[in-house]
Amino acid sequence: MTKLKINKKYKGIVYIILSAFCFALMNMFVKLSGDLPTTEKAFFRNFVAFFFALIMMLKGKKDFGFQKKNLAPLILRSVFGTVGILGNFYAIDHLVLSDASILNKMSPFFVILFSFIILKEKLTVPQGVIVIGAFIGALFVIKPDFANAEFIPSLAGLVGGMAAGLAYTMVRYLGKRGENGTFIVLFFSGFSTLVFTPLMIAEFKMFTIYQLFSLIMAGLSAAGGQFAITAAYTYAPAKEISVYDYSQIIFAAGLGFIMFGDIPDVLSVIGYFIIIIMALIMFLYNNQLWIFKKINQKKV
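As the structure is a computational prediction, the values presented were derived from the model and not from experiment.

Some remarks on the environment of A253
And then number 1: Residue placement: A253 occurs in helix α11 (residues 247-260).
And then number 2: The buried category is assigned to A253, whose relative accessible area is 18%.
And then number 3: Along the sequence, A253 and Y272 sit 19 residues apart, while their C-alpha atoms lie 9.8 Å from each other.

Below, the structure is given as structure tokens:
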């Protein structure tokens, strides 16, 4: 039983790193799509993800039904996820990228906080300190400067990060209650697409073929990231794996260099180092806890 639990944790780590890579790709394609309205980008992100999830459901011949007890958390997951996307995209469109990024990277911290509050998952002091350390590393990378940031976009970005944290906490809750991960993605994508449709129509701007390609790829990348992060939080508790979501910063730096010629400065490199060290410490700490538990079980 313990071995199975450890294997699930490793799967959760792999899936959340895969999710980070997919969302880094999504951000890259959103940037490549140019000056289209925020709601139009958000619509395509979820519209493509919806059909991707639908195909996965049909291909796997999975049941489209859901447990009635999970309806409320499914709706909450969708509402919080939709608010998270709006807040994140609005911040990206109206703030400097570093400010928008740091606000969005608050979501893993909020996942741990809300998992502790809502799901009653235990959080030790060392684990909390390690997560804060990773957060400090992210600050070195994105170097936020709130001095010139407008209040409303900044608030929107913060609310977006918090809402995303709540959404992923609901994913963890649904996973523990046996809800199908693909259906969770389908439900959320369909819900958010319906919400974004009238908003997109209201400020629609015609796109070029290149922009359409970028939007579709952004949607596919988002779908991959959504499936991966849904799987991650159904396999393992947030306190054990959410810190690895900060690997998105490293992926984003690599893609930025390849696609846009971005070169990380010294502070960014320091941030990468801190994040990797924190991830390693978290890994060793969790394994140390497992070893101690195993020793104590043998003594009993």
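Quick notes on the nonpolar core
And then number 1: In this structure, M26, Y168, Y233, I241 and Y246 are the most contacted members of the largest nonpolar core, which totals 64 residues.
And then number 2: At 10 residues, helix α1 (residues 2-32) tops the list of elements feeding residues into this core.
And then number 3: Discounting residues that sit within four places of it in the chain, Y246 has contacts with K105, P108, A134, F135, A138 and I275.

Here's the deal with empty space enclosed by the protein
And then number 1: Applying the stated criterion across every chain yields a total of 1 cavity of 30 Å³ or more.
And then number 2: Estimated volume of the largest cavity: approximately 280 Å³.
And then number 3: Lining the largest cavity are 22 residues, with F23, R45, N104, A164 and Y168 sitting closest to its centre.
And then number 4: Every element with two or more residues in the lining of the largest cavity is listed here: α1, α3 (71-94), α7 (151-176) and α9 (209-235).
And then number 5: Classifying every residue of the lining of the largest cavity by side-chain character gives 9 nonpolar, 9 polar and 4 charged.

Description of the packing of aromatic side chains
And then number 1: Inspection of the entire model under this criterion finds 11 aromatic pairs.
And then number 2: For the ring pair Y15 and Y235, a centre distance of 5.7 Å and an interplane angle of 10° mean the geometry is stacked. Here Y15, found in helix α1, pairs with Y235, found in helix α9; they are 220 residues apart in sequence, far enough to count as distant.
And then number 3: With a relative accessible area of 28%, Y235 lands in the partly exposed category.
And then number 4: Through a chain of ring-to-ring contacts, three or more aromatic side chains come together here, namely F43, F44, F47, F50, F51, F204 and F207.

Some details on the pattern of salt bridges
And then number 1: Within the structure shown, the criterion is met by 2 salt bridges.
And then number 2: Its salt-bridge partner being D35, residue K205 comes within 3.0 Å of it at the nearest N-O pair. In this pair, K205 sits in the loop between α8 (181-202) and α9 while D35 sits in the loop between α1 and α2 (38-59), placing the two residues 170 residues apart along the sequence.
And then number 3: According to the relative accessible area criterion, D35 is exposed, its value standing at 56%.
And then number 4: Between R172 and E121 there is a salt bridge; the shortest N-O distance is 3.0 Å.

Structural notes on α3
And then number 1: In this model, α3 (24 residues) spans 35 Å end to end at C-alpha, consistent with the 34 Å of a helix rising 1.5 Å per residue.
And then number 2: Considered for burial, the residues of α3 that qualify are P73, L74, R77, S78, G81, T82, G84, I85, G87, N88, F89 and A91.

Remarks on unusual backbone geometry
What you tend to see is this: most non-glycine residues have negative phi, and most peptide bonds are trans.
And then number 1: In this structure, K120 takes a positive phi of about 60° despite not being glycine.
And then number 2: Tracing the sequence through the fold places K120 in the loop between α5 (107-118) and α6 (125-142).
And then number 3: A relative accessible area of 64% means that K120 is categorised as exposed.

Scoring rules and cut-offs
- Residues numbered from 1 in each chain as written.
- Predicted model: local features only at pLDDT ≥ 70, side-chain atom pairs only at ≥ 80, totals over all residues.
- Heavy atoms only, no water.
- Helix = DSSP H or I, 4+ residues; strand = E, 2+ residues; numbered from the N terminus.
- Buried < 20%, exposed > 50% of the residue type's maximum accessible area, 1.4 Å probe, protein only.
- Core = buried A, V, L, I, M, F, W, Y, C linked by side-chain atoms within 4.5 Å.
- Contact = heavy atoms within 4.5 Å.
- 1 Å grid on protein atoms, 1.4 Å probe; cavity = no way out; pocket = protein on both sides within 12 Å on 5 of 7 lines; lining within 4 Å.
- Points joined across faces, edges and corners; volume = space filled by probe spheres on them.
- Nonpolar A, V, L, I, M, F, W, Y, C, P; charged D, E, K, R; others polar.
- Phe/Tyr/Trp six-rings, centres within 6.5 Å; stacked < 30°, edge-to-face > 60°.
- Salt bridge = Lys/Arg side-chain N within 4 Å of Asp/Glu carboxyl O.
- Expected span 1.5 Å × (residues − 1).

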